[in-house]
Amino acid sequence: MAIRMTYLTGVVLEAIESGHRYGFDIMDATGVPDGTVYPALRRLEQAGLLEATWEDAADAALKNRPARKYYRLTPEGSSALAQARVRFPGVARTFPDVEPG
Amino acid sequence: MSTRSGRPTSAESLAHAIIRLAAWLVPIGRRHDFRREWSAEVTWGFTPDPPRSPPGRLARLRLLYRSFTAVFDALTLRRQEFTLESVLKDFRYAIRSLLRRPGFTALALMTVALGIGANTAIFSVVNSVLLRPLPYPDPDQLVMVWENDRTRGWDRVPTNVEDFLAWRSEATAFSALAAGANGSFTIAQGGEPERVPGMRVTADFFDVFAVPPLLGRPFGPEANVEGAHREVVLSHALWERRFGGDASVIGRTIDVDGDSYQVVAVMPEGFHFPSAARMWAPIVFSDAQLQDRNWHFLLTLGRLTDASSVLAAQAEMRTISARLEEAYPESNSGWGADVQPLHSEMTNGVRQTLLILLGAVGFILLIACANVANLLLVRAAGRAREMSVRAALGAGKLRLVRQLLTESLVLSVAGAVLGLGLAYIALDALLTLSPIVVPGGGEVHIDVKVLGLTALAALVTGLAFGVVPATTVWKTDLQGTLKEGRGQAGGTGKRTRSILVISETAMALVLVTGAGLMIQSVRALLDVDVGLRTDHMLVAQFTLPAAAYPDQEQQSLFFDQLIERTQALPSVVGAALTPLAPPASGGQYHVRVEGVHDAWTMDLPVARARSVSANYFEVMEIPLVRGRYLTATDDQNGDAVVVVDRAFADALFPGQDPLGQSIRSLLDTPRRIVGVVGNVANSGLGNEAGPTYYFPYQQQVFSTTMNLMVRTAGDPNAAVSDVQEAVWGLDSSLPLVGVAPLEERLSDSVSQARFNSTLLTLFAVLAMVLAGVGIYGVMAYSVGARTGELGLRMALGASAGSVLNMVVGSAMKLTVAGVLLGVAASLALTRVLSGALYQVEPSDPVTLVAVSATLMIVGLAASYIPALRASRLDPLVALREE
């Protein structure tokens, strides 16, 4: 399913690519309004640009915390991010000091 | 909620509560994931990792706000459920599941198709007749102006010439004000002589409509002056039929009423005013008409100026009328003027009929909805297990409700398409049954507006009958159903079904009552005592052209010869002449009784006048009450005599002997009353026959239009050609109009009432069948659902008869409730019919009882088959199934 690439989706993709992989962390990292992040995640996931996995239950239990949901880019997501970086040069500059991966 | 040790803060609890609430919005299949993800985020948010000091007040507020944004996420997830793909999937599933039950689907489809089809057909008539604007430029500016007499309570009276001329010169609200008088013309060019309906009009008549002629020019400004008036305008239809659509007809001279008229114009195809008119000629007011303010015969048409309105014109006309009242108190005292939109004037006659029919089909649609809702409920009950399995597999209630609504929409849309087809066929039949006149011309057809309404009806009905079963699914405990094993819809479904059946029955009863009342009216109308022998009687109308028969002597001579010739025919028993054949009414004239009334005033009694042949009463077999009939000696050499009917005697000479009294009417000659005859339906069937008097045409030819009334030995239709030959033997240029047996004319005169009653009967039968299907559906289902219980009863010794009684009894409970409700509704609703009824009260007890009994029989019949099935249950099989 196609998705319209906007600055918001670009920033969210960039944030995930930079290692901010769960919902509130992405909110903190991007600085976009809180209410827009999850809808963007759902759309990107539905479009096949993201995939989500649950944190290993055992790991979470060790830390005495509930397991969180992690997002990562699919190959399509990576190429979409590359396009977004061209279209919105500001996107790449948002997270200058974080290593990709 | 939290897997940490330690008590969650109140802010954290609140955040979790918000998420639990938001989760309700999420489609059930994704709800669990949604809650897990958000509560993990919130928990982590309130307990940073690695552990630091707990978040401050601002951070807690921020987290609360974030948890609130879960609502946006929930809405996004929800919207993702409703993608085009998922909707298409729903439709495919709906079609598959409908095709799995072809019997149910066919029944439901037919019901919807009938409901929507009937509505589409009737609405297209309403749309064409009542809603479509007149086919003239700025149709809202067109009005009719009537006079009214406040003292006598007379409404919509034609205008007299002088008032019309005063209005035209004084009123500023109209850009054009024209008048005309209906009539007909005999034309004798381009084929056989023919009587053509038309209108004599003032020169600016066509300016009012703002319709230019197709060919030629409208009447010149001098056209209403004697000598310059010999011009005619032809309608498109007449031009094509009589003149082969030849453009060179303009400027040609044709023979009209024995005189030479020049064709000046042909109107375009869509122009019909009045509806029947095929020809127009200028009107020339006679001196008598110009001087007599009591002579009301003009129809006045106006076009309002852009700046004016009906109300403003009405106000201005009131002022002018008041001035005329003051100036001419003798004739105009109490008289006013009334401005009415032309469109409503042209549709007055049919509006009530159409609205009644529209109401009837509205009921049909409601009944159809109730019926399909019922069928769907029964089906939903049978599918309770399917629903619970799907719920167990992760489909949310919302998803299931959506699925059910999709199914009902598929049903209603498919039904609407079928219904549209039915409407096309029905409309054809309808227009054959009664040619419906569209004001201003044009045809009744299904247009965009009608299609739009059909689509809307499909949507609304689909939702209406889909919501009921959907609500029951919503309320049902799906897990419980699964555990129970057997599909049961529970008490709500049963109650809803009962309510639906009761209301269906009630609505059907209202329709059947309406139809019953109309049928009785039509029968009463046809049973009306016409006052003469109607069988073996042929009627043929003709009009003597003034040019060929200029004076009374020639006219009278022609009439005498015609009767003689006709009576000589072997197939003819007797022949007489009358200007108006029953049930035609004609105008009423003031009557002065010698020695009682000594001047002509508007307050004199009125009566209908007939100049007949002396043998009229014998040929028509009108009974003599007192005195004598007219005889051959009552000619121009005899005394001026008159025969009156009983209504006349009762009205003018109550308790006295009318014989020997003298009256004056029409011309100022006194006539002595020599006989009293029985009343004849001289003013339409079903209307009270007003006073009528008859005098011999030999003494005074009152009308050059005559009806030859021929009493035949055999079938009157077989005498048609003989009679035609007799007339044409005397004058080969004389057209005969409306040649038909008298019985046919009488029956045609109630065609409007018959049309209403036929359609209402059709709708009533439809409603009854639908109600029957509804009762059958409910009983069949309930027998199916109670198989185990019934089997147990029979195993315990209940007889087949008692089971039968039980099932029929519970159906009758519903039917009786429906009938009672229906009777109450009928008493309230059939009052709208009262204007269309004749000799039957809207609350006629006989009708109500008969109709109630009919519906009880329908209920009985509908429940009998399932009851029979129940009574034949094998207890062993029934119990094993359980």
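Student: What should I look at first to understand the overall build of chain A in this one?
Tutor: Looking only at helices and strands, chain A has 6 helices and 2 strands in total. Counting helices and strands in the order they occur from the N terminus, chain A gives α-α-α-β-α-β-α-α. Here chain A holds 101 residues, and 50% of them are scored as buried. For chain A, restricting intrachain contacts to residue pairs at least 6 apart in sequence, the fraction spanning at least 24 positions comes to 60%. Here chain A displays about 4900 Å² of accessible surface, and carbon together with sulfur accounts for 53% of that area.

Student: Honestly, the overall build of chain B in this entry has me stumped. Any pointers?
Tutor: The helix and strand tally for chain B stands at 28 helices and 22 strands. In terms of overall size, chain B is more extended than a compact globule, its C-alpha atoms giving a radius of gyration of 38 Å where 882 residues would be expected to give roughly 29 Å. When the backbone C-alpha atoms are referred to their principal axes, chain B occupies close to 130 × 75 × 55 Å. Of all intrachain contacts in chain B linking residues separated by at least 6 positions in sequence, the fraction that spans at least 24 positions is 80%. Surface exposure of chain B reaches about 38700 Å², of which carbon and sulfur atoms provide 59%. Side chains of chain B carry 73 positive and 80 negative charges; the gap between the two charge centres is 22 Å.

Student: Teacher, can you tell me more about a nonpolar patch on the surface here?
Tutor: Judged by side-chain polarity, L453(B), L456(B), L459(B), V460(B), L463(B) and V467(B) come together as a nonpolar surface patch covering roughly 500 Å² of accessible area. Along the chain, the position of L463(B) falls in helix α16 (residues 448-475).

Student: It is not clear to me how a positive patch on the surface should be interpreted in this structure. Could you clarify?
Tutor: Judged by side-chain charge, R4(A), R43(A), R87(A) and R79(B) come together as a positively charged surface patch. Mapped onto the elements of the fold, R4(A) is located in the segment before α1 (7-17).

Student: Looking at this structure, I do not really get the packing of aromatic side chains. What am I missing?
Tutor: The relation between two aromatic rings is expressed through the spacing of the ring centres and the mutual angle of the planes. Inspection of the entire model under this criterion finds 33 aromatic pairs over all chains. For the pair F542(B) and F558(B), a centre-to-centre distance of 5.9 Å together with 65° between the ring planes defines the contact as edge-to-face. Taken as a pair, F542(B) in strand β12 (residues 537-543) and F558(B) in helix α19 (residues 552-567) lie far apart in primary sequence, 16 residues in all. Given the relative accessible area of 3%, F558(B) is considered buried. Of the aromatic side chains, those joined through ring pairs into one cluster are Y136(B), F205(B), F206(B), F209(B), F219(B), F271(B), F273(B) and W280(B). Looking at R68(A), its charged tip hangs above the ring of Y22(A), at a distance of 3.1 Å from the centre.

Student: Any chance you could explain the domain arrangement of chain B here in plain terms?
Tutor: How big an interface is tends to be stated in terms of the accessible area lost upon association of its parts. If you check the domain split of chain B, you get domain 1 (10-81), domain 2 (151-333), domain 3 (349-526 + 751-881) and domain 4 (549-732). Computed from C-alpha atoms alone, the centre-to-centre distance between domain 2 of chain B and domain 3 of chain B is 53 Å.

Student: Help me out: how do you make sense of helix α22 (residues 720-730) of chain B in this one?
Tutor: Given 3.6 residues per turn, any residue in an α-helix points the same way as the ones three and four places further on. Residue and element names in this part refer to chain B. Taken as a whole, α22 has its buried residues at V723, A726 and V727. In a view along the axis of α22, the buried residues occupy a sector of 95°, so they form one face of it. In this structure, the buried side of α22 is in contact with β12, α19 and β21 (705-712).

Student: Got a minute to help me understand the nonpolar core in this structure?
Tutor: Burial of nonpolar side chains together is a common tendency in soluble globular proteins. Residues I122(B), L760(B) and F763(B) are the most contacted members of the largest nonpolar core, which totals 52 residues. Of all the elements in the fold, those that place two or more residues in this core are α6 (102-131), α13 (342-382), α15 (397-433), α18 (490-527), α24 (751-785), α26 (800-829) and α27 (845-871) of chain B. Per element, the largest residue contribution to this core is 10 residues, and it comes from α24(B). Those residues in contact with F763(B) that lie beyond four places of it in its chain are A118(B), I122(B), L357(B), A360(B), V361(B), I364(B) and L511(B). Membership of the second largest hydrophobic core comes to 42 residues, among which are V12(A), Y38(A), A47(A) and A22(B).

Student: Mind showing me how you'd approach the interface of chain B and chain A here?
Tutor: Tallying the contact residues gives 28 residues for chain B and 23 residues for chain A. Both sides together, the interface formed by chain B and chain A hides about 2500 Å², and carbon and sulfur atoms give 52% of it. Close ionic contact of R62(B) with D34(A) constitutes a salt bridge, the shortest N to O distance being 2.9 Å. Our count for the contact surface shared by chain B and chain A stands at 11 residue pairs in polar contact (both at pLDDT 80 or more). Taken together, the elements giving at least two residues each to the side of chain B that touches chain A come down to α2 (28-46), α3 (57-68) and α4 (70-81) of chain B. Here the residues of the side of chain B that touches chain A sort into 10 nonpolar, 8 polar and 10 charged.

Student: What am I meant to see in the packing of α6(B) against α15(B) here?
Tutor: Any two packed helices are characterised by how steeply their axes cross, that is the angle between the axes, and by the distance between the axes. All names here are of chain B. Relative orientation of the contacting elements α6 and α15 amounts to 50°, with a least axis distance of 6 Å. It follows from the interaxial angle that α6 and α15 lie oblique. In this structure, α6 crosses over α15, and the sense of that crossing is right-handed. The residue inventory of the contact of α6 with α15, partitioned by class, reads 21 nonpolar, 7 polar and no charged.

Student: How should the sheet that holds β21(B) be read in this particular structure?
Tutor: Through backbone hydrogen bonds, the strands of a sheet pair up, either in parallel or in antiparallel fashion. Residues and elements named next belong to chain B. Read across the open sheet, the 4 strands follow the order β13-β21-β12-β22; overall the sheet is antiparallel. Both outer strands of the open sheet, β13 (572-578) and β22 (737-741), are each paired with one neighbouring strand and no more. Direction aside, the axes of adjacent strands within the sheet are offset by 15° on average. Of the strand pairs in this sheet, β12 and β21 are connected by 7 bridges, and their pairing is antiparallel. Bridge pairing links A540 to L708 in β21. Packed onto the sheet, α22 meets β12, β21 and β22 and runs at close to 135° relative to β21.

Cut-off values and rules
Residues numbered from 1 in each chain as written. Chains lettered and ligands numbered in written order. Predicted model: local features only at pLDDT ≥ 70, side-chain atom pairs only at ≥ 80, totals over all residues. Heavy atoms only, no water. Helix = DSSP H or I, 4+ residues; strand = E, 2+ residues; numbered from the N terminus. Buried < 20%, exposed > 50% of the residue type's maximum accessible area, 1.4 Å probe, protein only. Contact = heavy atoms within 4.5 Å. Areas by Shrake-Rupley, 256 points an atom, 1.4 Å probe, with all protein chains shown as cover. Rg over C-alpha atoms; globule rule 2.2 N^0.38 Å. Lys, Arg positive; Asp, Glu negative; His and termini not counted. Charge placed at Lys NZ, Arg CZ, Asp CG, Glu CD. Patch = residues over 30% accessible without salt bridge, like charges linked within 9 Å, V, L, I, M, F, W, Y side chains within 5 Å. Salt bridge = Lys/Arg side-chain N within 4 Å of Asp/Glu carboxyl O. Phe/Tyr/Trp six-rings, centres within 6.5 Å; stacked < 30°, edge-to-face > 60°. Lys NZ or Arg CZ within 6 Å of the ring centre and 35° of its normal. Domains from an automatic or database assignment. Arc of directions from axis to C-beta. Core = buried A, V, L, I, M, F, W, Y, C linked by side-chain atoms within 4.5 Å. Buried area = accessible area lost by both parts, 1.4 Å probe. Polar contact = N/O pair within 3.5 Å; in protein donor to acceptor, adjacent residues only side chain to side chain. Nonpolar A, V, L, I, M, F, W, Y, C, P; charged D, E, K, R; others polar. Axes fitted to C-alpha atoms, helices over the stretch in contact; angles between N-to-C directions. Parallel < 35°, antiparallel > 145°, perpendicular 65-115°, else oblique. Left-handed = near helix turned anticlockwise from the far one by under 90°. Pairing = 2+ DSSP bridges.

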